[in-house]
Amino acid sequence: MDPRNGRRWLVLIPIQLASYAIIAIMGQTTQNINILFVNEVDNNLANVAVEVALNYVKKNPQLGLSVDMMYVEGNRTDSKDLLQALCSKYGQSLSENRPPHLLLDTTLTGVSSETVKSFSLALGIPTVSASFGQEGDLRQWRDLTPTKRGYLLQVMPPADMIPQVIRSIIIYMNITNAAILYDNTFVMDHKYKALLQNIPTRHVITTIADDRDRASQIEKLRNLDINNFFILGSLASIKQVLESAKNEYFERNFAWHVITQEQKDLTCNVENATIMFLRPMSDSSSKDRLGSIRTTYNLKQEPQITGFFYFDLTLRALIAIKNILQSGSWPSNMKYITCEDYDGTNTPNHTIDLKTAFIEVTEPTTFGPFEIPKGGKMQFNGNTYMKFDMDINAVSIRSGASVNTRSLGTWEASLNAPIIVANEAEIKNLTADVVYRVYTVVQAPFIMRDPTAPKGFKGYCIDLLNKIAEIVEFDYEIREVEDGKFGNMNENGEWNGIVRKLIDKQADIGLGSMSVMAERETVIDFTVPYYDLVGISIMMQLPSTPSSLFKFLTVLETNVWLCILAAYFFTSFLMWIFDRYSPYSYQNNREKYKNDDEKREFNIKECLWFCMTSLTPQGGGEAPKNLSGRLVAATWWLFGFIIIASYTANLAAFLTVSRLDTPVESLDDLSKQYKILYAPLNGSSAMTYFQRMADIEAKFYEIWKEMSLNDSLTAVERSKLAVWDYPVSDKYTKMWQAMLEAGLPNSLEEAVQRIRNSTSASGFAFLGDATDIRYQVLTNCDLQMVGEEFSRKPYAIAVQQGSPLKDQFNNAILMLLNRRELEKLKEQWWKNDDVQNKCEKPDDQSDGISIQNIGGVFIVIFVGIGMACITLLFEFWYYKYRNNSKVIDVAESTDQQHGGTIVKNVRPAGKLMKQDSLKDSTKGHNYQNLRTRTLMPNLSKFQPRF
């Protein structure tokens, strides 16, 4: 024998003797207790813990207990076999005259648990149950009488209390969505409604999928707009779930909370993650006892908290029964009936107060004390549990290794206890940022790409969403939908574009100039409109009015100008002929008209000048003396008046008509012509409008045709359908056919390019939303918006059907409307936009004639002045160089009698002129013998006659 073992026996024998001596001194006797132990398949930890408790009782005779246990095991889904086994064991115990004092129930949930509850209730057996369920969850024990509440007891296991920490975390961190995954170490059947009751958090509670479907399960949860994940399970299950998630699911817009009953450290092979890790802690005052039980009785199975719960519960129940028996409170005439004797009404009426005895047990616990409601309206069942604390840590994992663990706080197990935060800043960092997925379609000015912008986009809708985000407090990531469509439904009822993304839960928000349509509202939700009543309009190329400096000459055709010029020369020639040969003309009657003030000889030069000036407001001057010449002049005046009046009127009309030349002014004009092609954007709401209008016309036609060709109608009824005109409009049918033939552009840029490439022979008009067209006209000087808007509909933000964002965004948009923020945004993007082109103002009826059209008149002036200057130079050259220079001798003498001046000896150079006598009729001076030698151009005071 090992001497060390011998010493151990020497130590133990005195201890046992001492314990027996104490028992003998106290007069305490050993109490025999019969228990019926009912467990569930796969709940092996309960079997181990109960066996350890019985072993503990055997090795501690000071407890005064001797336990005889009968064991029944059942399946969670098979109640029939379990009930038969219970009745068999119970009947056997009665036949052997050792009825059970206690039914110890460790079934977890389901029909097995309810079967045990029904069995104990019907036969009146004192029961202590460790089944899952809060107050009212155990259906068979839901309406117990006060007497039965005294001996039918339920204590919630730790795995039933731990999920309550999720409620406390969600309340503290104000989480709006959650996915709760759990494995078979937790039971959540009864918590689907109660766990987050009265908390506005969208949540999904589901079991962890197997290895094949686990990744797709997480993906589906993410598509449900969930970014807060809670995992309840063993460390192995937690590790599998974390490793199944994509790396992108550990970014800042996700939060992971893992909760386990085990006390080991968290390990998983993820690249980069920070996870909130919660695990139970034992009571500090019970650590010595816990260590002793673990080593002495080998209770080391995980999770330890559950094993020690079953151990403490069994021991406490046995001691409570023992105390009742020893105190004499156990009925002496205890009545028992078998399952065969039970008829539904003959349940034994026992008055056993097991609850009080259970509460009064003073045996110390191993992991944590029992929390039992004392007095008040709170019932024992559904409110009694083992107290313990959960340690809350933040675990940072890098490349599969845990690099840092930081304590965040603790949580004391309770149904409504808040978490106790030790590091508020750190726990806030573990909150998943509210980041919504936004899909959009680029369409200026609502959405435009901008690499310099924080989100890569700018525009009216981006500014709107930013203002909403300030109110609702969220962040977002924005992407452009792949097909560039807002969403249309095909013949099979399938959607594309943003609507498809929202239906598939791949997007949280649909943003852009998205029209509210009835069919879209059947699959998605819209907020209140942020842009009211946007109609369809027409965009065409702005007609460029050709400008010309000599446009005033184009009023009359060239042959008219030539005829006017021919009439001018012909009339001038006739006046010269009539004046030369008429006996009454001035040049043929000089003596007759020598005293007239008006003396004008109509030579060819004067005739040309007269006819020219007669066409001007200045007038032609002195008219011919002869009657024939005057008739020619009067005829020319009449001709000139008619020509000038006609020219003036036609010039104004010509300029006005050129400005008003617009081929299309409305949708009706567009539908009635075939020269200009037209089409809406492919997949747009405008396309849907025209397509449906055409379909409606076709349906109306079929209805009318069926009515008119119905043979069952009488002659009178058929005559009422006989009309000369076609009763059903085919306007949109023809327009839709023309659109299909013209080809629908796939983008707004393509439509604008087709408009610019159109010619006068084959124009193109685009039909689209008025806001888009208005912005294109604002930023392009060669485009114009034609006609009035039609088919008005509002713009709104799209969200998933049933999404809480609808109400949140509605409130935010209404607040912005009240602040007039949306009006400011419209001003910014449609009137004060930086990209707005400074276009020249087009001519209209209220404007005057532009310099481009009348500038030729100024050119005429400059040309006339230039010609006059050239003529002056020619005259100077002609008189200076073509005529010889003249030398004049002037002799001046004063004639006192006549008071005149005699000029003598006027000599050309090299030759004397014939002396003439000139008399100044006004002064009466004679100039004579004034001998001056000078050049003719310098004689400024004399007017010699040549």
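Because the structure is a prediction, the values reported are computed rather than measured.

What counts, and where the lines are drawn
- Residues numbered from 1 in each chain as written.
- Predicted model: local features only at pLDDT ≥ 70, side-chain atom pairs only at ≥ 80, totals over all residues.
- Heavy atoms only, no water.
- UniProt positions renumbered as here; feature names shortened; annotations may be inferred.
- Helix = DSSP H or I, 4+ residues; strand = E, 2+ residues; numbered from the N terminus.
- Salt bridge = Lys/Arg side-chain N within 4 Å of Asp/Glu carboxyl O.
- Disulfide = S-S within 2.5 Å.
- Axes fitted to C-alpha atoms, helices over the stretch in contact; angles between N-to-C directions.
- Parallel < 35°, antiparallel > 145°, perpendicular 65-115°, else oblique.
- Contact = heavy atoms within 4.5 Å.
- Nonpolar A, V, L, I, M, F, W, Y, C, P; charged D, E, K, R; others polar.
- Buried < 20%, exposed > 50% of the residue type's maximum accessible area, 1.4 Å probe, protein only.
- Arc of directions from axis to C-beta.
- Pairing = 2+ DSSP bridges.

According to UniProt, the positions carrying the feature "transmembrane region" (unreviewed entry) are residues 9–27, 559–578, 634–657 and 854–878. Helix makes up 100% of residues 559–578 and strand 0%, whereas the separation of the span's terminal C-alpha atoms amounts to 28 Å.

Right, let's talk about the pattern of salt bridges for a bit. For the coordinates displayed, the defined rule picks out 26 salt bridges. Glu-96 is the salt-bridge partner of Arg-98, the closest N and O atoms lying 2.6 Å from each other. Note that Glu-243 is salt-bridged to Lys-239, the shortest N-O span being 2.8 Å. Taken together, the residues span about one helical turn, with Glu-243 and Lys-239 both in helix α9 (residues 235–244) at a distance of four residues. Connected through salt bridges with shared partners, the residues Asp-68, Glu-96 and Arg-98 form a single ionic network.

Two cysteines whose sulfur atoms are joined by a covalent bond form what is called a disulfide. Taken as a whole, this structure holds one disulfide when the rule is applied. With a sulfur-sulfur separation of 2.1 Å, Cys-87 is cross-linked through a disulfide to Cys-339. Between Cys-87 and Cys-339, the S-S torsion sits near -90°, and that sign places the bridge as left-handed. Here Cys-339 lies in the loop between α11 (304–327) and α12 (354–359) and Cys-87 lies in helix α3 (residues 79–95), a separation of 252 residues in the sequence. Residue Cys-607 stays outside any disulfide, its sulfur separated by 6.7 Å from that of Cys-611, the closest cysteine.

Remark: helix α10 (residues 287–297) packs on α11, axes separated minimally by 12 Å, with the N-to-C direction vectors making an angle of 95°. The angle between the axes of α10 and α11 places the two elements in the roughly perpendicular class. Of α11, the residues touching α10 (which contributes Arg-289, Leu-290, Ile-293 and Arg-294) are Gln-304, Phe-308, Phe-311 and Leu-315. Considered class by class, the residues forming the contact of α10 with α11 number five nonpolar, one polar and two charged.

Residue pairs three or four apart in sequence face the same way in an α-helix, which turns once every 3.6 residues. Those residues of helix α8 (residues 214–223) not exposed but buried are Arg-214, Gln-217, Ile-218, Leu-221, Arg-222 and Asn-223. Residue Asp-225 follows α8 closely and has a positive phi angle near 65°.

On to helix α23 (residues 748–757). What α23 keeps buried is the set Leu-748, Ala-751, Val-752 and Ile-755. Here the buried residues of α23 occupy an arc of 100° about the axis, which is enough to place them on one side. In α23, those exposed residues whose orientation departs by more than 90 degrees from the buried face are Glu-749 and Asn-757. Buried residues belonging to α23 abut β22 (531–541), β24 (764–769), α24 (770–779) and β25 (783–795).

Pairing is mixed across the open sheet formed by four strands, whose spatial order is β23-β24-β22-β25. Two strands bound the open sheet, and with one partner strand each, they are β23 (677–680) and β25. For this sheet, the mean inter-axis angle between neighbouring strands, taken without regard to orientation, is 20°. As defined by bridge partners, β22 adjoins β24 across four bridges and the pair is classed as antiparallel. Within β24, the position partnered with Ile-538 by the bridge is Leu-767.

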